[in-house]
Structures are given as structure tokens and as C-alpha cells.
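For reference, the chains in residue letters:
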Amino acid sequence: MVAGATSPKASSSASPQVLVASNRGPVSYTRAEDGTLTAKRGGGGLVSGLSAIGPETDAVWVCAALGEGDREAARRTGGRLDRGETGGQAVRMLDIPAETFEAAYHGVANSVLWFTHHMLYQTPLEPAFDEGFTRQWARYETYNAAFADALAQEAEQGATVLVQDYHLTLVPLLLRERRPDLRIGHFSHTPWAPADYYRLLPDDVAADVLRGMLGADRTAFLTTRWARLFTECCERVLGADVTTEGGTLSVTYEGRTTRIGVHPLGADGDFLRERAHRDDVAERRAQLRDQVGTGPDGLPRRTLVRVDRTELSKNIVRGLHAYSRLLTDRPEWREHVVHLAFAYPSRQDLAVYRDYTAEVGRVADEINSAFGTPGWTPVLLHVKDDFARSLAAYRMADVALVNPIRDGMNLVAKEIPVVSDEGCALVLSREAGAHEEMAADAFCVNPFDVRQTADAVHAALLLDAPTRASRSRRLAETATAHPPTRWLLDQLRELA
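Please read all numbers here as calculations on a predicted model, not as lab measurements.

Asks: Help me understand the nonpolar core, please; the structure alone is not making it clear to me.
Replies: Generally speaking, a soluble globular protein has its nonpolar side chains buried in company with each other. In this structure, Phe 147, Trp 192 and Leu 340 are the most contacted members of the largest nonpolar core, which totals 164 residues. When residues in this core are grouped by element, the largest group, 10 residues, is from helix H4 (residues 131-154). For this core, the two domains that each supply at least three residues are domain 1 (18-265 + 486-495) and domain 2 (269-480). Setting aside chain neighbours within four positions, we find Leu 340 in contact with Leu 288, Val 292, Thr 303, Leu 304, Val 305, Arg 306, Leu 380, Ala 393 and Met 396.

Listed below in C-alpha cells is the structure:
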């Protein structure tokens, strides 16, 4: 065992123990003025997947405390949260110092790695890596080391560890140094940058991220495209050897081989269909239908639906410009279509995100001023997050607009066809990971081409009902082919 390694726990279960590591955990806490803590459990693919692997695996989720409520909960429990508040899940929440978390999460993960993989930099001005970034990177290393230490402490002999995403790229190698007995997987939920763009990063950082991920037995991605771009970076940055055998990619570096996997994450169809037909969704659907109204011909207006966070990569502003172009070039659609645009604020602690959110509102107002009439509001923009209202919009969608600049997958593209009442047409960016699976039945667009996107929306609106319904059924079948439970179980099987 290497110096500084942690002795493994004895196994207490028949099946190998499973550990998951991610920045965000399955529960979050808010603290009232009187000091009372309230726990709120989350959803998502990891929560669903872990619930499917069974209690015999003695699964443990290691995550970071994200706010003061979380930090207080971690302090009161020594980091091992009350299972009564986590839905029975064993959770180790790390009380990482706030300044370390801030630098690692905002300074590096969200402001550098996210921007790199989504190719969002305005390169004449950014990035500029200086002493400030060097300090932030050191804290990113500290943050990753804290996860590696906790996983090494929690893991039984021969356990399987699934490390999640760009926040924790260094963990696999750090953990392997501490616990060589473990089976380690890493999964990237983002796109991966082409090598020339990836090399915007400082040379040592670019290499350290790759080396960290190659510490895993297997590192996996949402699409074949992202997996191949990763291996290209390994070749170009590290000089690693990339081989393909039996259709499986592998990377060999410094005498160690890491297998490369692809696991497209799908929608949880059963959950979505059940949840979309509860009373609160029906109530919001009626409200939205009333707001959309009927056209001059007395028929219900058509709906163009998008549901996104105001994340820079989601391309909401160009989507609005495309809708404006549709109304300009195709005046026959005026008063006959409404754009339901749900743009929920994201990362508002960063100025660039606040500015982007404001621009979304400005462009929506501009469209309504230019085209609106007393009986027709062209864009109904909602900025307050409301899951039931989102599902109501899904059900109403005639056309779904999903046009990200770049996206690891984009589950909205998969969820709307599953839920749509009458079947919807999908206008889909070729830069979304979902494009790899769904292109055959979608109207595919270059996300930067506003006129092409407007033309695609026009073509989608013109689809006759039977064609739209049949395409939507095929999209829904594709969307649910890899539900969250299967997605996670497939990764565990490949690591066995």
C-alpha cells in the first residue's frame, strides 16, 4: 500500500459496496432564524439509479455541503447525515471550507472547465490565466483531495466507486493512490472539448485533469462523440496511446490502461407520465391554455415550447431571435402561435449569468412590443422555476425548441416527446448530445444559424397531426431506452 493510503474497511455485505461521489448530494438543508434545519430531498438520475441497486450493496453517497444550511447539518452530524432525512440513503456530506469550495466550484469548475467544454469563451478577451487562477486551482486540488480522503475512509475492501463530473476530475487518481484495491469509474455529464480548444487551459492543468480521470478503471461519457474527443486530448496533451478493440476504446498512459465507455442517459418515462397527470399539472395546463388562447380562426393557438435554465450554453437568446425571424418572414403565423419560453435563472452569483438572464427578458419584451396585439402575446416568458408548470408546457407542446450551443445530453429534448399529449415535433441542435440518438426524427439545426432555426420551426409547425404523432412516438421510444436506473446499473456492470 502506498504511503498515506487508508486501510480498507472489512466488507459487511454480500455484494460489493457501491459509493457515489458528486458535488451535489441527494439532500439539501435550509436553516431558519431559530436554527431549525429543514431537509429537502432531490431527484435526478443518480437518486433513481441508487434506489435500484438494492440495499445489499450498502451504498454511500459522498457529497459537498453547498450552503450554510448544509454546513450546519454536516457539523451537527459529523458529516454522516440522518437517514431519516435522506430517504434512507447513507450520505457523507463534506464540510469543505467555504473559501475552498467557492474557488473550486465557481472559480475552476463552473468558470473554467464548464466554459472550456461548452466552448463559451470570447477568446479575444478570455481566458487569461494568472496568479488568481493559480490560487483557485490549488483549492480545486484541495477540494478533490477531500473527496478522495472521504471515499478512502468510507470504502470497504474491493468496493466500486462512481465519481461524477467535471467538479471531481482529480479524484480517480488521488483515490487510486490511497486505495488501489477499489474499482473506480468516472462519468462526465458535459460535452468534451476538441483538443485545440481544450489546450486553452494551462498546460499543467490540462494534463492534470486528464491524468486524474485516467486514474479510473473506466471513464465514461454520454455520447461517442464526447468519448472520442477525450481520447484525442489524451493523445495530443499526454502522448497517451489510444486503441480500439472490439469497438471499445482504451487509453494507455504510464503503463496503466483505462477503458472508455459511453452511456447515454435517458428520461424516466414512467415517472414523467405519472407526474405529468397529477392535479397541480392539470391546473397549470388550464392556466397556460387560457393564456395562449385562440387565434382569429377560433382554433387553439399552436405552441412552441422551450424549458431551460438561463445557462449560457442553452442558447435561449438565439432561440428568441429565431422566433422573431419566423414572425417576420412568415407573417401567416402571427396570432396563430405562442412561444412558451421557460427560462429559469441559473448561477445568478456570476455577473455574466445575470447579464444573460437580463438579455433573455429584454429580447422577449422586444418581440412582444414589435408583434403583439391586444389579444395575442407572442412570447409568454416565465422565469420562476415551477416543475409542474414545465410539465404542463411539455403536455401542450406542438413544437419543442432545444437549440443549445453545446450540451452533454439535454434531457428536455427527451422529456417533452414522452409527455406531450398530442405528440410534438422536435427542433434540435446538432450540438446537443441527444442529437446522436434522436436526429432521425428531429428537425436538426446549426445552433448559431438563426434563419435556419426559424425555417425549422416553420417546417415543424406545418407537420400534419398524424406525422407529428408518429415522429413523437419514435422520439419517446428513443428517449426512454436508457432510463436512469439502467444507465447507472450498466456502469456498475461494466466495472465488475
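Asks: Can you walk me through empty space enclosed by the protein in this structure?
Replies: Which parts of space are left empty comes out when a probe the size of a water molecule is rolled across the atoms. Enumeration over the complete set of coordinates arrives at three cavities of 30 Å³ or more. Quantified by volume, the largest cavity comes out at close to 50 Å³. Lining the largest cavity, in full, are Leu 162, Gly 185, His 186, Arg 218, Ala 220, Gln 491 and Leu 495. Counting residues per element, the ones that place at least two in the lining of the largest cavity are strand S7 (183-187), strand S8 (218-221) and helix H18 (484-495). Across the lining of the largest cavity, the residue classes break down as three nonpolar, three polar and one charged.

Asks: So what exactly am I meant to see when it comes to the packing of helix H14 (residues 412-419) against helix H17 (residues 465-479) here?
Replies: Any two packed helices are characterised by how steeply their axes cross, that is the angle between the axes, and by the distance between the axes. At a closest axis distance of 8 Å, the pairing of H14 and H17 adopts a crossing angle of 125°. Classified by the interaxial angle, the pair formed by H14 and H17 is oblique. In this structure, the crossing between H14 and H17 has a hand that is left-handed. Residues Lys 414, Pro 417 and Val 418 of H14 lie in contact with H17, whose contacting residues are Ser 472, Leu 475, Ala 476 and Ala 479. Split by residue class, the contact of H14 with H17 holds five nonpolar, one polar and one charged.

Asks: How do you make sense of the domain arrangement of the chain when you look at a structure like this?
Replies: Accessible area lost during the coming together of the parts is what is often quoted as the interface size. On domain assignment, one finds that the chain holds domain 1 (18-265 + 486-495) and domain 2 (269-480). Its C-alpha centre places domain 1 at a distance of 31 Å from the equivalent point of domain 2. Of the roughly 1,600 Å² buried at the junction of domain 1 and domain 2 (both faces included), carbon and sulfur atoms supply 54%. Among the residues of domain 1 in contact with domain 2, Trp 114, Arg 225 and Leu 265 are the three that bury the most area, contributing 28% of the side total. Where domain 1 packs against domain 2, one counts one salt bridge.

Asks: What am I meant to see in the sheet that holds strand S17 (residues 443-445) here?
Replies: Hydrogen bonding along the main chain pairs the strands of a sheet, whether they run parallel or antiparallel. Spatially, the six strands line up as an open sheet ordered S14-S13-S12-S15-S16-S17, and their pairing is parallel. The open sheet has two edge strands, strand S14 (379-382) and S17, and neither has a second partner. Pairs of neighbouring strands in the sheet enclose a mean axial angle of 15°, with direction left out of account. The strands that helix H11 (residues 316-329) touches are strand S12 (302-309), strand S13 (337-344), S14 and strand S15 (399-402); relative to S13, the one it contacts most, it runs at about 170°. Set on the sheet, helix H13 (residues 387-396) makes contact with S12, S13 and S14; between it and S13 the angle comes to about 150°.

Asks: Hey, could you run me through the pattern of salt bridges in this one?
Replies: Close approach of charged atoms allows side chains of opposite charge to pair. As enumerated under the stated definition, the model contains 36 salt bridges in all. One salt bridge connects Arg 176 with Asp 217, and the closest N-O pair in it is separated by 2.8 Å. A residue pair is termed long-range when its members are at least 10 positions apart, and Arg 176 in helix H5 (residues 171-178) and Asp 217 in the loop between helix H7 (203-213) and S8 qualify at 41 residues. Overall, the relative accessible area of 13% leaves Arg 176 in the buried class. Salt-bridge contacts for Asp 441 lead to Arg 474; the nearest nitrogen and oxygen are separated by 2.7 Å. With a gap of 33 residues between them, Asp 441 in the loop between helix H15 (435-438) and S17 and Arg 474 in helix H17 connect regions that are remote in the sequence. On the basis of relative accessibility, which here comes to 13%, the residue Asp 441 falls in the buried class. Beyond isolated ion pairs, a larger network of salt bridges with shared partners links Arg 31, Glu 68, Arg 71, Glu 72, Arg 75, Arg 76 and Asp 95.

Parameters at a glance
Residues numbered from 1 in each chain as written. Predicted model: local features only at pLDDT ≥ 70, side-chain atom pairs only at ≥ 80, totals over all residues. Heavy atoms only, no water. Core = buried A, V, L, I, M, F, W, Y, C linked by side-chain atoms within 4.5 Å. Buried < 20%, exposed > 50% of the residue type's maximum accessible area, 1.4 Å probe, protein only. Helix = DSSP H or I, 4+ residues; strand = E, 2+ residues; numbered from the N terminus. Domains from an automatic or database assignment. Contact = heavy atoms within 4.5 Å. 1 Å grid on protein atoms, 1.4 Å probe; cavity = no way out; pocket = protein on both sides within 12 Å on 5 of 7 lines; lining within 4 Å. Points joined across faces, edges and corners; volume = space filled by probe spheres on them. Nonpolar A, V, L, I, M, F, W, Y, C, P; charged D, E, K, R; others polar. Axes fitted to C-alpha atoms, helices over the stretch in contact; angles between N-to-C directions. Parallel < 35°, antiparallel > 145°, perpendicular 65-115°, else oblique. Left-handed = near helix turned anticlockwise from the far one by under 90°. Buried area = accessible area lost by both parts, 1.4 Å probe. Salt bridge = Lys/Arg side-chain N within 4 Å of Asp/Glu carboxyl O. Pairing = 2+ DSSP bridges.

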